[in-house]
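What follows is each chain in one-letter form.
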Amino acid sequence: MPSQQELDFQISPLVQESLVHNTRTLHNLQSLTASLFGVGAGILGLESYSGFLFYLVFSLITTLLFYALRIAPTAISSPSSSSSSTTSKGGVLSRYFRSPLDFWTAGLTNGLAGFILTWTLFYGLVRA
Amino acid sequence: MKEPSTWDRVLEMRIGGESFRLSACTQLDRCGYGTIGMWPLLPWHFSECSQPVGIVVTRSISKSTAKGIYPNSSTMTLISKSITGFGSLLLAHACYSAQEHSALQSFRAATSAALTLTPTAATSLPMDIAIETAVAILVILVGLVLGTSPMRPIQWREWAGKIEREGEDGFKDNNGQVNRDYLGNPFAYIEGRPNFVDIRKQRNEFTEWVKGQGQEQK
């Protein structure tokens, strides 16, 4: 007897390529912007916790902007999510990403290394 | 009269004398009505049945409407690139200002120490540089987000419906090139079956092509 989740996947199958494409797009954006935030934090001369707070705030802003500019506008064009029970669970977000939690929090770990790299670099360059 | 889409043809095929039935009708009720004919029409969803089944009302978005919804990608690229460029200029300026400021600070500190004046406290970064940095980052952020390639639906039925409605146009990246992993209509094998090929249309197309060739020869 297959589980409920397996049944769900059989009824509404997922497209693996699209999933990979969406995740990769978001990942690229986040690693690119993280190094940008590093530049900013270095210019501002932030140290220790305030720098990480800066990163946290700005990566959340990135995800919010991505949601507002890339995902939310497509809700108008798809009347699908309102009536069918399988897609309405997570709103528009579930059309493009499997779990909302991943979408909102993955950015924090994706770009942290790049952030610290450029942060220290620009801190050193500006304060030399 | 609108040009019949593939969906109409598929449904006609069901309604006609040799009818095919969706073997998972409950799923059709659940997903099919809400999703404007985007349900995944997989071969195993069909099974031949003795009596014809009822007409399923579907609605399809025409190609022009679909194009109106999604903005033209090349103008989007231009906008995003110019926004990003402007933001980078701001950021570079802020960086240069901050560097100059800190150089000035250290120069001041050195001279005041030499002249044995009261040492000026190291002032933090001026507010305008900080604001400029924050604004520059936000501007670049908007530019980069606008420059990302559009998301694709992960649900099979929505993805297939998007291909059906928009074809290649829905799968272009920001340079206007069709994406490499775009495979085309997933129903091609259904439409290409000999029983359902529109032979008259193809014959007409062939005649047109032959005529065109003849004119070119002259």
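Residues numbered from 1 in each chain as written. Chains lettered and ligands numbered in written order. Predicted model: local features only at pLDDT ≥ 70, side-chain atom pairs only at ≥ 80, totals over all residues.

A look at the nonpolar core
What counts here: Put simply, a nonpolar core is a cluster of buried Ala, Val, Leu, Ile, Met, Phe, Trp, Tyr and Cys residues tied together by C-beta atoms within 7 Å. Remark: C-beta atoms are placed from the backbone, and a residue is labelled buried if 20 or more other C-beta atoms sit within 10 Å of its own, exposed if 12 or fewer do, or partly exposed between those counts. Helical segments are the DSSP runs of H or I of at least four residues, strand segments are the runs of E of at least two, and each set is numbered from the N terminus. The contact rule is simple: place each C-beta atom from the backbone, and if two of them lie within 7 Å, those residues are in contact.
Residues A:F37, A:I43, B:L91, B:I137 and B:I140 are the most contacted members of the largest nonpolar core, which totals 34 residues. Elements with a minimum of two residues in this core: helix 2 (16-44), helix 3 (48-71) and helix 8 (112-126) of chain A together with helix 4 (73-114) and helix 5 (127-147) of chain B. When residues in this core are grouped by element, the largest group, nine residues, is from helix 2 of chain A. Among residues more than four places away in sequence, those in contact with A:F37 are A:F54, A:Y55, A:F58, A:F115 and B:I137.

Quick notes on the confidence of the model for chain B
Residues and elements named next belong to chain B. Our working definition: Per-residue confidence from the predictor is reported as pLDDT, which spans 0 to 100.
For chain B, per-residue confidence averages 67 on the pLDDT scale, and residues scoring 70 or more make up 53% of the total. Mean pLDDT values for the elements of chain B range from 33 in helix 2 (residues 25-32) up to 91 in helix 5. Here residues 1-71 is a poorly scored stretch, pLDDT under 50, and it has 87 contacts once near neighbours within four places are set aside; other chains count. Across the predicted assembly, pTM comes out at 0.65 and ipTM at 0.83.

Describing the UniProt feature "transmembrane region" (unreviewed entry) in chain B
Just so we agree on the cut-off: UniProt positions are given in the numbering used here, feature names are shortened, and annotations may be inferred rather than shown by experiment.
Under the present numbering, the feature "transmembrane region" (unreviewed entry) in UniProt falls on residues 129-147 of chain B. As annotated, residues 129-147 of chain B comprises 100% helix and 0% strand, and the C-alpha atoms at either end are separated by 27 Å.

A short note on the packing of helix 3 of chain A against helix 7 (residues 100-110) of chain A
All names here are of chain A. Our working rule: Only the stretch in contact is used when a helix axis is fitted, and all axes are lines through C-alpha atoms; the angle between N-to-C directions ranges over 0 to 180 degrees. For this classification, under 35 degrees means roughly parallel, over 145 means roughly antiparallel, 65 to 115 means roughly perpendicular, and everything else is oblique. In this scheme the crossing of two helices becomes right-handed for a clockwise turn of the near helix relative to the far one and left-handed for an anticlockwise turn of less than a right angle. Charged means Asp, Glu, Lys or Arg here, nonpolar means Ala, Val, Leu, Ile, Met, Phe, Trp, Tyr, Cys or Pro, and polar covers whatever is left, Gly included.
The contact between helix 3 and helix 7 brings their axes to 9 Å, and the two run at 135°. On the basis of their axis angle, the class for helix 3 and helix 7 is oblique. Handedness of the helix 3/helix 7 crossing: right-handed. Contact residues: helix 3 offers L56, S59, T62 and T63, while helix 7 offers W104, G107 and L108. Residues that form the contact of helix 3 with helix 7 fall into these classes: three nonpolar, four polar and no charged.

Re the environment of A:L65
You can see A:L65 is positioned in helix 3. When sequence neighbours within four positions are dropped, the list of residues in contact with A:L65 reads B:L141, B:V142 and B:V145.

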